[in-house]
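Residue-level structural notes
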Amino acid sequence: MMEQTITCINCPVGCRMTVTLSDQGEFVSVTGNTCPRGAKYAQQECTLPERMITAVIPVSGCETPLSVKTASPVPKKMIFAIMDELAGIRLSAPVAIGQVVLPDVLNTGVDIIATRSLP
Amino acid sequence: MNLTTDILIIGSGITGCAVARELSRYNASVVVLDRGSDLAEGPTKANSGIVHAGYDAVPGTKKALYNVRGAAMYESLANELGVPYRRCGALVLAFDEADVKTLEELKERGGTNGVSGLEILDREAVLKLEPNLNPEVVSALSVPTSAIVSPYEMAFALADDAALNGVQFRFDTEVLSVSKDEDGCFTLRTNGDTWRCRVLVNCAGASGAEIHNMLSGQKLTMVHRRGQYYLLDRAAVQPFSRTVFQCPSVMGKGVLVSPTVHGNLLLGPTAEDIDDPLDTATTASGLADILAKAGRTWAGLSTRTNITNFSGVRAHLTTDDFVVGSCEGCPGCFEAIGIESPGLSSAPAIGLDLAGMIADHLGLARKEKTVPCPVPPVPFHDMTPEQREQAIEQDPSYGNIVCRCEVVTEAEIRRAIRRPVGARSVDGVKRRTRAGMGRCQGGFCCPRVAAIISEETGIPLKEVTKNGGESFLLSDTIESYLKGEHDHE
Amino acid sequence: MNERQVDILVIGAGPAGLAAAISAKESGIDSLLVVEREKDAGGILRQCIHNGFGLHRFKEELTGPEYARRDIDRAADLGIDIECSTTVLTVSPDRTVTCVSSSKGLQIIHAKAVVLAMGCRERPRGALCTPGTRCAGIYSAGTAQRFVNLEGFMPGKRVVILGSGDIGLIMARRMTLQGAKVLACVEIMPYSSGLNRNIVQCLQDYDIPLYLSHTVTDIRGKERLEGVTVAAVDEKRNPVPGTEIDFDCDTLLLSCGLIPENELSLGAGVEISPATSGAVVSETFETSVPGIFACGNVLHVHDLVDHVSNESFKAGAAAAAYVRNGQHAVPMISVKDGEGVRGTVPQLIRSDTDQPVDLMFRPAAVYRNSAAVVECGGKELLHKKAMIYTPGEMALVTLKPEMLKDLPADSLTVRMERMDG
C-alpha cells in the first residue's frame, strides 16, 4: 500500500488530502476532503491524472502565433510528448477557431484544436 | 582598419557633444568615439538634470568659471535646440546655526562668482514658498536662477546638430591606448579600428584621467563616485515646485528633492566611492540612505509613486576641480576631464572654450555656412487638439499611440530612429521620445517599440537590444524552442 | 475637427467593454460606439491562451481567446460599432471624449453616457524599489505573455518569477511548456494569492519550487540579466540577512500586482477610491461624475472574467437607463470597509434601489471558518459563513432590497468575523 498527499483544486479551501493506493496503484481510500468533489478529484488525480494542454504554435504567413488546446484532458504524463508533437505541425494561414490542427494526438483520441482564427 | 581625421573626440557625453557641436562650425574633420552603443551612456543620462546657478563652486576654480558662463547660455541654447528647460528656482535649506552660516558663505560665494538674485529667506517666507517642507527648517537660500533641463536630450540635440554639420559618431568603440607620434599626431588603438588624428580631445568621462596619464607627465587621480536616485511618477501637482537642496558637504551637494523638466520628482543622489566606474547598480543601503536624507527636506516623504531607481557614476578628480584646456606637456591634446557637478551646467561654455582653443591651435577657418539644426516638432504629448489633427493629417502614424503613459506616437518613434544620430535600441528610443518612461515603465509599449526598431533598422526582432551590446530583449522564436533548439540546462 | 454625438461611448473592447456594449444595445440603445486601442477586440483575453474562463457563465471551460470570441461574435450580431486602433486621449466631466487613430485622425465625441472599461496595468520593478542593475531580461509577466502568445517570441531561457499571483503561475507553466526552464517562483507573502489549481498545475506539475515569504533582493547583469538573489523576509516583509539564495537566470518575470488604469478617469474628475485604485461607484456602477460608468478591472481588479462580464452587463444596462431616463440624485447609503475587509464595491447604494445589490470585496488576510458580516448602525443585515475567505478570491455577498429598508444609519460596514475562538 502506498500513500500520496495532494491538494484539492476544486475550491479555495484547498483541502490537503491523503490518498491510499494499492501496490498496483489502484485507489483504495482518501481522507482529508471536506466534500465529495474532493474525493472524486483525489481518485482521478492519483490514479490517472489528466490535464488540458494549451500552447502557441507558429503559423507560416502570419506573425501572430496560433493558440491551440487539447479538445479534452489528456494523461498528465504525456504533456511533453504532446508538446513535441505540436512542434511538428506545419500550418499556414488562414486558420479558423475550432479547426482541428492535429487529430488524435499520439493515439489519445483527443484532437488539437485552434482557439483563435488567423488572420 | 587605419583611419584618420583632423580632430578626434573621446566621449559622447554632454561635454563631448558640446565640443563636437562647436567644432562643427569650423573647416575640419571631426570624429567622436564612444565605448557605449549610443550617445551619453555615462553620467550624462543619470544625473539630477539641474543647471546650477553657480553659488556652490569655489571662486577662482574652473568649476565656478564654467558653471556661471554655461548657466547663462542654457536658456537660449535649449530654445534653439528644442530641449526641455525650465527655470524653476532652488532653495538651500538650513536646519541649525551651522547651516545658517553655510548659507551666508554660499551667498557670498555666489556673489563673487557672479550669480544674481541670491537671497536668504526666513522660515516663514520659506514655508510660504514651499509648504511641504520639513517645518523644522530654520531658513533657506533662495536661488531664483537655478534651472532644470533634460540632460540626455541636450546631448542628443547637440550631437544631431554636430552630425548635420559633418561630425561622425562611432559607437561601441573603446579606446585602449593613445600615444603621440613623432610627427606630432596621435595614434589611438581601439577595440576596432586604429585612428590617427592631429588633435585629440579627451572628454572620456570615467576614463578621463587614465587617458590623460597615457600622454602627460603630470598624473591625475580619479575617484568614481556613484549617485543613486528615486524617480517618482509625474503628477499634476508635485510636493515641491523648486529644486530643494540641503547644505553641501565635502562629498558634494547632498541629497536633493527636485521636480524634473518632464514633471516627475527626483530624490537623490547618494555619493559613494566605488571601484568600477561602470557599476551603475542601485543598492539597498544606497536607496535607504536617500530616504533617510530626503526625509529631512520632505516631511511627507512617500515613495508610493516610485516608478524607477537609477544611478550614475561621477568622474571626480582628487584635485576637486575640472581640468579644461591643453593637456599638460602634450600639445595637440585638449581635455575636459573630472566633469562632475556642475558639469551639465558648464558643458556649453566648456564646449565653446575648447573649440576656440583647438581652432587657434590648428589655425582653422570658420565655415561660411552652417546647416541649421531643424526645430524639432512639438511632442504630441504637448500639442493642442488642432496641432494634433494637423499632425495626423500630414503623417497618419501620429494617430497611432505607442506609449500610452507618456502619449508618444509611432511617428515620433520613427523620427527618433531616423534622426542624424538616431536610436537603435529600446533605451535609445526611450530617451529620445519618453516612450517607456512612464508609470508602466515600458510594460505596454516595449513590444511595439521593438517591432518599430526592427522595421526601421532591419535588425531582426530577436536581435533588438535594450541598450546595445548583448542586452537582447528576446531569446528566440517559439518555433526554435518547440524544435528543441534550446538547451537551457 | 471631426465631431459627433453618440448616446453611449464605451472605452475598451475587452471583456468589460464588450459586455457593457452588448447589454446597452440589448437595452435598446442604437447610438453606441466602442473604441479600442489594439487592432483587434478582446482585450487582455487575446493573450490569455490558457483555459479556465467561462466556467460560471457558460458552464464550459474556455481559453481566453474563445471566451472573447463569444462576446465579439455577439457584438457583431448586434451590429455594435467597434473602432479598433483608436486611442482615447481625454475624457472630460461633460463626457466629451477625444481620441485618435491613423485612419480617422482626431475625433471629438460627445456622449450622453460613457462607460470606462480600460482594464489595468502591471506594477513595474520600480514600484518595488528592487536594487541591482537595470539590465535586459526583466519583464512584467503580462509583457512576457504578450511576447510569447501574440508575437511568437520567447523572452529567455532560465526564468525566475517574482510573485505567485495567477499571472505569475500561468507564466511559469507557459514558459516551461514552450521550452524554457523555470527555476523558482518567489512570493513575499506567507501564502500565494493564486488559485490552488494553478499552484498544482503550474508549479507542482513541473517541480517548480515555490518560495513563500521570500523576495528578490538583488538583480545582477551588465547587459542582459545574469542572476538574482532571493532572501527570506520577516513579518514586516523585510529581507532577513543570511538567508540569501542566488539563482543563475537570464529572465525575471514580475507578477507583483495589477493597478487599475484610471489616468483618463482622473482627467474626467472621477473620484477614485484609494482602497481599490478604481472609481467610487454606486450599485448602478455610475461614478461620481453623472453619466460616467465604470466596470471591469478598471473599477477593481477581478480574478474571474465571468464576474467582469456580469458586472459589466449591469453597467451597460445602467448607462442605457441613464440615457433614456436620466438619473436623479438621491441620498446615498455609503458602504465602508470594516475589519478584515478591503475595497468593497460598490461604495455607495442609492437609497431608492429596489434590486438586489452585490457587494464585492477582498478579505485582508486568509480567514478560515469565518463569516462576512454586513451591518448598519449596530444592526446586522447579513451574515455569510464560509469555510474560507482568501485575498486571492474576490468575495461576494448579496443584499436583498428589503434589507435596505428602514436602516438605522446612512452607512453600512462590511467586515470579517472569525467563528471559532
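Going along each chain's sequence as written, the residues are numbered from 1 onward. Written order determines the labels here, with chains lettered from A and ligands numbered from 1. Under the rules for a predicted model, residues below a pLDDT of 70 receive no local features and side-chain atom pairs below 80 are neither given nor counted, while totals for whole chains, interfaces and linings still include all residues. In computing side-chain values, all of the structure's heavy atoms are included and hydrogens and water are not.

**Some points on the overall build of chain C**
- Per the convention used, a helix needs a DSSP run of H or I reaching at least four residues, while a strand needs a run of E reaching at least two, with both numbered from the N terminus. For chain C, the helix and strand inventory stands at eight helices and 28 strands.
- Throughout, radius of gyration means the C-alpha value; the globule benchmark is 2.2 Å times the number of residues raised to the power 0.38. What you see for chain C is a C-alpha radius of gyration of 22 Å, in line with the 22 Å of a compact globule of 421 residues.
- Summarising its shape, the C-alpha atoms of chain C cover approximately 65 × 60 × 40 Å along the three principal directions.
- Per-residue accessibility, obtained with a 1.4 Å probe over protein chains only, is compared with the maximum for each type, and a residue is labelled buried under 20%, exposed over 50%, and partly exposed between these values. With 421 residues in all, chain C has 61% of them scored as buried.
- Contact criterion: two residues are considered in contact whenever any of their non-hydrogen atoms come within 4.5 Å of each other. Across chain C, contacts joining residues at least 24 apart in sequence account for 63% of those joining residues at least 6 apart.
- Total accessible area on chain C stands at roughly 15,300 Å², and carbon and sulfur atoms take up 50% of it. For every accessible area listed, the method is Shrake-Rupley and the probe measures 1.4 Å; residues are considered covered only by the protein chains on display.

**Considering the nonpolar core**
- What is meant by a nonpolar core is a set of buried Ala, Val, Leu, Ile, Met, Phe, Trp, Tyr and Cys residues, joined one to another through side-chain atoms within 4.5 Å. Counting residues in hydrophobic clusters, the biggest one holds 75 residues, and the most contacted among them are Leu 66 and Val 101 of chain A, Ile 413 and Val 449 of chain B together with Met 175 of chain C.
- Among the elements that line this core, the one with the most residues is helix H5 (residues 166–177) of chain C, at six residues.
- Ala 13, Val 34, Ala 268 and Val 281 of chain C belong to the second largest nonpolar core, which has 62 residues in total.

**Section: the pairing of strand S24 (residues 357–363) of chain C**
All names here are of chain C.
- With seven of seven residues buried, S24 is to be regarded as a mostly interior element.
- Along S24, one buried face is formed by Val 357, Leu 359, Phe 361 and Pro 363 and the opposite face, lined by Asp 358, Met 360 and Arg 362, is buried too.
- As defined by bridge partners, strand S22 (residues 341–345) adjoins S24 across three bridges and the pair is classed as antiparallel. Each bridged residue has a counterpart across the sheet, and for Val 345 the counterpart in S24 is Met 360. The pairing criterion is simple: DSSP has to find at least two bridges between the two strands.

**Examining the domain arrangement of chain C**
- You can read the domains of chain C as domain 1 (1–121 + 258–329), domain 2 (124–256) and domain 3 (330–421).
- Here the bounds of each domain stem from an automatic or database domain assignment. Put simply, the middle of domain 2 of chain C and the middle of domain 3 of chain C, counted by C-alpha atoms, are 35 Å apart.

**Regarding the sheet that holds S22 of chain C**
Residues and elements named next belong to chain C.
- Taken together, the three strands give an open sheet; going across it, the order is S22-S24-S27, and neighbouring strands pair in antiparallel fashion. With one partner strand each, in any of the chains shown, S22 and strand S27 (395–399) form the two edges of the open sheet. The average undirected angle you get between the axes of adjacent strands in this sheet is 30 degrees.
- By the bridge criterion, five bridges tie S24 to S27 in an arrangement that is antiparallel. Bridging across to S27, Leu 359 finds its partner in Val 397. Working convention: axes come from line fits to C-alpha atoms, limited for helices to the stretch in contact. Angles between N-to-C directions cover 0 to 180 degrees.

**Observations concerning the interface of chain B and chain C**
- Between chain B and chain C, the residue contacts involve 54 residues of the former and 46 residues of the latter.
- A buried area of about 4,300 Å², summed over both sides, lies between chain B and chain C, and 58% of it is on carbon and sulfur atoms.
- Salt bridges are defined as contacts in which a side-chain nitrogen from Lys or Arg sits within 4 Å of a carboxyl oxygen from Asp or Glu. In this structure, the connection of chain B to chain C is made through five salt bridges.
- Note that Asp 276 of chain B and Lys 222 of chain C form a salt bridge whose closest N and O atoms lie 3.8 Å from each other.
- Polar contacts, as used here, are pairs of N or O atoms within 3.5 Å; protein pairs need one atom able to donate a hydrogen and one able to accept it. Residues neighboring in sequence count only if both atoms are side-chain atoms. Counting across the chain B and chain C interface gives 17 residue pairs in polar contact (both at pLDDT 80 or more).
- Where the side of chain B that touches chain C is concerned, the elements lending two or more residues are helix H7 (284–297), strand S18 (306–317), helix H9 (385–394), helix H12 (446–457), strand S23 (476–477) and helix H13 (478–482) of chain B.
- The element best represented in the side of chain B that touches chain C is S18 of chain B, accounting for six residues.
- Here the side of chain B that touches chain C is composed, by residue class, of 24 nonpolar, 18 polar and 12 charged. Buried area: the accessible surface (1.4 Å probe) lost by two parts on joining, summed over both. Residues are grouped as follows: Ala, Val, Leu, Ile, Met, Phe, Trp, Tyr, Cys and Pro are nonpolar; Asp, Glu, Lys and Arg are charged; every other residue, Gly included, is polar.

**Some points on the pattern of salt bridges**
- This structure, assessed with the given rule, holds 62 salt bridges over all chains.
- The closest approach of N and O atoms between Asp 183 of chain B and Arg 196 of chain B, which form a salt bridge, is 2.8 Å. Of this pair, Asp 183 of chain B sits in the loop between strand S10 (175–180) and strand S11 (186–190) while Arg 196 of chain B sits in strand S12 (residues 194–202), and the two are 13 residues apart along the sequence.
- On the basis of relative accessibility, which here comes to 48%, the residue Asp 183 of chain B falls in the partly exposed class.
- We classify Arg 196 of chain B as partly exposed; its relative accessible area is 29%.
- Between Lys 104 of chain C and Glu 83 of chain C there is a salt bridge, with the nearest N and O atoms lying 2.8 Å from each other.

**What to know about the packing of H12 of chain B against helix H4 (residues 141–151) of chain C**
- The contact between H12 of chain B and H4 of chain C brings their axes to 10 Å, and the two run at 50 degrees. If you check the angle between H12 of chain B and H4 of chain C, you find them oblique. Only Thr 143, Arg 146, Phe 147 and Glu 151 of chain C of H4 of chain C make contact with H12 of chain B, whose side of the interface consists of Cys 446, Pro 447 and Arg 448 of chain B. Working definition: roughly parallel below 35 degrees, roughly antiparallel above 145 degrees, roughly perpendicular at 65 to 115 degrees, and oblique for all remaining angles.

**Digging into the side chain of Ser 192 of chain C**
All names here are of chain C.
- Structurally, Ser 192 can be placed in the loop between strand S13 (181–186) and helix H6 (196–203).
- Separated by 2.9 Å, the side chain of Ser 192 and the backbone nitrogen of Gly 194 make a polar contact.
- Those residues in contact with Ser 192, other than ones at most four positions away along the chain, are Ser 164, Leu 169, Glu 187, Ile 199 and Leu 212.

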